[in-house]
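Residue-level structure breakdown
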Amino acid sequence: LAKTTQPISMDSYEGQEVNITCSHNNIATNDYITWYQQFPSQGPRFIIQGYKTKVTNEVASLFIPADRKSSTLSLPRVSLSDTAVYYCLVGDGRNTPLVFGKGTRLSVIA
Amino acid sequence: NAGVTQTPKFRVLKTGQSMTLLCAQDMNHEYMYWYRQDPGMGLRLIHYSVGEGTTAKGEVPDGYNVSRLKKQNFLLGLESAAPSQTSVYFCASSFRPTRGGYGYTFGSGTRLTVV
């Protein structure tokens with residue numbers, strides 16, 4: 001399984017754009033990059049997934065460079081409610097369940 | 001549509017007691033998973049199931065057993081609880097992954113304390 005490395009924590013002010021970068025140097029050809037969000041006392045929830053280039057949905061954008069050895073989750077104009085732990089996962093999910101690391105704890109400050 | 005429901009939500013056990021955590025999903029998902037989450041450790045996979053009647057070990061299976069007798073239910077059993085099993089337990093389910101393993105739906109968790 002591809003190992004991921006992401007910052008342990010980040011702080012941001014409300015209204016700012018937040019970018020969380022995840023490194024996955026040994027990503028395999030069939031692997032996808034998936035991000036989950038976890039609020040306190042809740043289970044994680046899927047927010048975005050991509051294979052290459054850029055993916056955007058109503059919650060976030062995911063940027064993946066051509067070599068796919070890293071990815072960046074971008075949260076536009078964060079609010080206090082975006083305070084959560086964000087997990088970067090890499091895998092194809094078919095042969096082995098996804099492995100969650102420790103994630104990045106994002107704290108949004110008013 | 002309830003999604004993934006975990007029962008109970010909270011439980012306190014004495015060392016050596018046994019209990020079963022129930023996970024039920026109503027989305028017709030083939031795959032189901034049990035994770036535990038400890039402070040600063042992220043989520044660690046205990047056991048999972050790729051279909052009714054199947055189970056497989058994850059990263060930290062010792063001390064736990066599971067059963068998937070019905071497609072919609074996945075049970076996690078602790079035969080003899082230990083303080084090291086104090087944790088928050090999350091159940092998740094998904095369709096058979098076709099790519100990327102996206103779309104895990106998680107329950108709200110069971111907070112278990114073993115004293």
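Here is a short report on the structure shown in this document. (Residues numbered from 1 in each chain as written. Chains lettered and ligands numbered in written order. Predicted model: local features only at pLDDT ≥ 70, side-chain atom pairs only at ≥ 80, totals over all residues. Heavy atoms only, no water.)

Another point: the layout of surface pockets. By volume, the largest pocket amounts to about 530 Å³. Taken together, 26 residues line the largest pocket, and the ones lying closest to its centre are R105 of chain A together with Q37, D38, P39 and G40 of chain B. Here the lining of the largest pocket is built from residues that sort into eleven nonpolar, eleven polar and four charged. (1 Å grid on protein atoms, 1.4 Å probe; cavity = no way out; pocket = protein on both sides within 12 Å on 5 of 7 lines; lining within 4 Å. Points joined across faces, edges and corners; volume = space filled by probe spheres on them. Nonpolar A, V, L, I, M, F, W, Y, C, P; charged D, E, K, R; others polar.)

All names here are of chain A. You can see G15 is positioned in the loop between β1 (9-13) and β2 (18-23). The exposure class of G15 is partly exposed, given its relative accessible area of 48%. Excluding anything up to four places from it in sequence, G15 contacts R77 and V78. (Helix = DSSP H or I, 4+ residues; strand = E, 2+ residues; numbered from the N terminus. Buried < 20%, exposed > 50% of the residue type's maximum accessible area, 1.4 Å probe, protein only. Contact = heavy atoms within 4.5 Å.)

A few words on the environment of A66 of chain A. Following the sequence through the fold, A66 of chain A ends up in the loop between β6 (61-64) and β7 (70-75). Distance from A66 of chain A to T53 of chain A, taken between C-alpha atoms, is 6.8 Å for residues 13 residues apart in sequence.

Residue and element names in this part refer to chain B. For strand β3 (residues 19-25) and strand β8 (residues 73-78), the ladder comprises six bridges, and the chain directions are antiparallel. What sits directly across from M19, in β8, is L78. Once strand β7 (residues 65-67) ends, the chain turns through five residues before running back antiparallel as β8. (Pairing = 2+ DSSP bridges.)

Attention shifts here to the nonpolar core. The tendency in soluble globular proteins is for nonpolar side chains to be buried side by side. Within the largest apolar cluster, 20 residues are counted, with the highest numbers of intra-cluster contacts made by I33, W35, L73, L75 and Y86 of chain A. At the level of secondary structure, the elements contributing two or more residues to this core comprise β2, β3 (32-38), β4 (45-50), β6, β7, β8 (84-91) and β9 (104-109) of chain A. With four residues, the top contributor of residues to this core is β8 of chain A. Those residues in contact with Y86 of chain A, other than ones at most four positions away along the chain, are Q6, I20, W35, Y36, Q37, I47, L73, L75, G103, T104 and L106 of chain A. Core analysis: the second largest hydrophobic core is formed by 19 residues, L13, Y64, A81 and Y89 of chain B among them. (Core = buried A, V, L, I, M, F, W, Y, C linked by side-chain atoms within 4.5 Å.)

All names here are of chain B. If you walk through the whole model with that rule in mind, you get two salt bridges over all chains. When the shortest N-O distance is used, the salt bridge between D38 and R36 registers 3.1 Å. Residue classification places D38 among the buried positions, given a relative accessible area of 11%. What emerges from the salt-bridge pattern is a single network uniting R36, D38 and R44. (Salt bridge = Lys/Arg side-chain N within 4 Å of Asp/Glu carboxyl O.)

Moving on, we come to the side chain of S12 of chain A. Residues and elements named next belong to chain A. Position of S12 relative to the elements: it lies in strand β1. Of the polar contacts made by the side chain of S12, one reaches the side chain of Q16; its length is 3.3 Å. Not counting the four nearest positions on each side in its chain, S12 is found in contact with V18, V78, L106, S107, V108 and I109. (Polar contact = N/O pair within 3.5 Å; in protein donor to acceptor, adjacent residues only side chain to side chain.)

In this assembly, 24 residues from chain B lie in contact with 22 residues from chain A. Summed over both partners, the interface of chain B with chain A buries about 1700 Å², with 55% contributed by carbon and sulfur atoms. Inspection of the region where chain B meets chain A yields zero salt bridges. Elements represented by at least two residues in the side of chain B that touches chain A include exactly β4 (31-37) and β5 (43-49) of chain B. If one sorts the elements of the side of chain B that touches chain A by residue count, β4 of chain B sits on top with four residues. Its residues placed into classes, the side of chain B that touches chain A shows twelve nonpolar, nine polar and three charged. (Buried area = accessible area lost by both parts, 1.4 Å probe.)

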